[in-house]
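# An overview of the molecular structure
Listed below are the residues making up each chain.
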Amino acid sequence: MADVVDVIVTDHLRFETLLRALRDRSRPDLAAHRRHTLSELADLLVAHASAEESEVYPKLRELTGTDDHVEHGEDEHLDGHRRLLALLDVPDVESVAFDKALGKLANSLYHHLDEEERTLLNDALRLDPAVRQSLGDAWVAERDRLIALSCGSRAAVAALLPD
């Protein structure tokens, strides 16, 4: 069983690790490493956000009686998907264009993680521990299901964005 706040924060830390790995230009196998790491980041980022929106955010709306933080979180997920797609669309993973797109995604993501931890996850701490466990289990199951479907592919990310 997994507390929803703990598992979400664990993913946040994984995002930071993956972003650091993508920024590291010292690897002799830079292109292969970046492609692999980007694929892992894309799947985790999309699955994480989608599972939050389907499994966690509805309960937080009910708890707080307001949509403010939840809607803001959803807007930031959409912004993250846009920035992820821009990064996935850079053909040369060793280029300055890739580094710039990565920086934009990282800035957006760091902003979102900070806000989410200060608002939504603080709200989640008010939930009964059994509810947090149940939400955590549901969130992990949905996140893992989506990762298994390669939800971070370029086509899947593009499908998340409005026309």
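Here the structure is a predicted model, which means the values were calculated and not measured.

### Quick look at the overall build of the chain
Check the secondary structure of the chain and you find seven helices and zero strands. Start at the N end of the chain and walk to the C end: the helices and strands fall as α-α-α-α-α-α-α. In terms of C-alpha radius of gyration, the chain reaches 16 Å, essentially the compact-globule figure of 15 Å for 163 residues. Put simply, the chain has 163 residues, and 44% of those count as buried.

### Regarding helix 4 (residues 96–118)
Taking 1.5 Å as the rise per residue, helix 4 with 23 residues should run 33 Å; its terminal C-alpha atoms sit 33 Å apart, in good agreement. What helix 4 keeps buried is the set Phe98, Ala101, Leu102, Leu105, Ala106, Ser108, Leu109, His112, Leu113, Glu115 and Glu116. On its buried face, helix 4 sits against helix 1 (4–23), helix 2 (30–64), helix 3 (68–88) and helix 5 (120–124).

### Concerning the environment of Arg118
Residue placement: Arg118 occurs in helix 4. In terms of polar contacts, Arg118 uses its side chain to reach the side chain of Asp114, at 2.9 Å.

### So, the nonpolar core
Core analysis: the largest hydrophobic core is formed by 28 residues, its most contacted members being Phe15, Leu41, Leu84, Leu87 and Phe98. If you list the elements that add at least two residues to this core, you get helix 1, helix 2, helix 3 and helix 4. It is helix 2 that provides the largest number of residues to this core, a total of eight residues.

Here is what the cut-offs are and how they apply
Residues numbered from 1 in each chain as written. Predicted model: local features only at pLDDT ≥ 70, side-chain atom pairs only at ≥ 80, totals over all residues. Heavy atoms only, no water. Helix = DSSP H or I, 4+ residues; strand = E, 2+ residues; numbered from the N terminus. Rg over C-alpha atoms; globule rule 2.2 N^0.38 Å. Buried < 20%, exposed > 50% of the residue type's maximum accessible area, 1.4 Å probe, protein only. Expected span 1.5 Å × (residues − 1). Contact = heavy atoms within 4.5 Å. Polar contact = N/O pair within 3.5 Å; in protein donor to acceptor, adjacent residues only side chain to side chain. Core = buried A, V, L, I, M, F, W, Y, C linked by side-chain atoms within 4.5 Å.

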